[in-house]
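Observations on chain architecture
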Amino acid sequence: MKGMLTLLRRLHRDERGAEGLEKLLIVAAVVLPLLGLLIYFRDYITDWVGGEAVRIRGSSDSYDPQAF
């Protein structure tokens, strides 16, 4: 019983890997809300990106090399 108690105390004091876990939790705290916003506003983002692509493509189709 005493050996088991000693083992549990050593495991409780061991902090190896804690820094990596903390970094992972911080990244998750930033990424998950951002992912939620991207999913929530995906239709608006899709429309905006599509409109910008059409605008850019439209301006490149009207290229006139004589204009320079």
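Description of the structure in this document. (Residues numbered from 1 in each chain as written. Predicted model: local features only at pLDDT ≥ 70, side-chain atom pairs only at ≥ 80, totals over all residues. Heavy atoms only, no water.)

1. Looking at the pattern of salt bridges
Quick note on the threshold: Here, a salt bridge means any Lys or Arg side-chain nitrogen found within 4 Å of an Asp or Glu carboxyl oxygen. Strands are runs of DSSP state E lasting at least two residues, helices are runs of H or I lasting at least four, and both sets are numbered from the N terminus onward. Exposure categories follow from relative accessible area, calculated using a 1.4 Å probe and restricted to protein chains: below 20% of the type maximum is buried, above 50% is exposed, and the middle band is partly exposed.
For the coordinates displayed, the defined rule picks out one salt bridge. Between Glu52 and Arg55 there is a salt bridge, and its shortest N-O distance comes to 2.9 Å. With Glu52 and Arg55 both in helix α3 (residues 42–61) and three residues apart, the pair spans about one turn of that helix. Residue Glu52 is classed as partly exposed on the basis of its relative accessible area, which comes to 27%.

2. Details of the packing of aromatic side chains
Filter applied, for reference: Any pair of Phe, Tyr and Trp rings, taking the six-membered ring for Trp, is counted once the centres come within 6.5 Å. Such a pair is stacked with planes under 30 degrees apart, edge-to-face with planes over 60 apart, and tilted for the rest.
Evaluation of the coordinates by the stated rule reveals two aromatic pairs. Ring plane angle 90° and centroid distance 4.9 Å describe the contact between Tyr40 and Phe41, whose orientation is recorded as edge-to-face. When its relative accessible area of 63% is taken as the criterion, Tyr40 is described as exposed. When the ring of Phe41 is compared with that of Tyr44, the centres are 6.0 Å apart and the planes differ by 50°; the resulting orientation is tilted. A connected cluster of aromatic rings, assembled from ring pairs, spans Tyr40, Phe41 and Tyr44.

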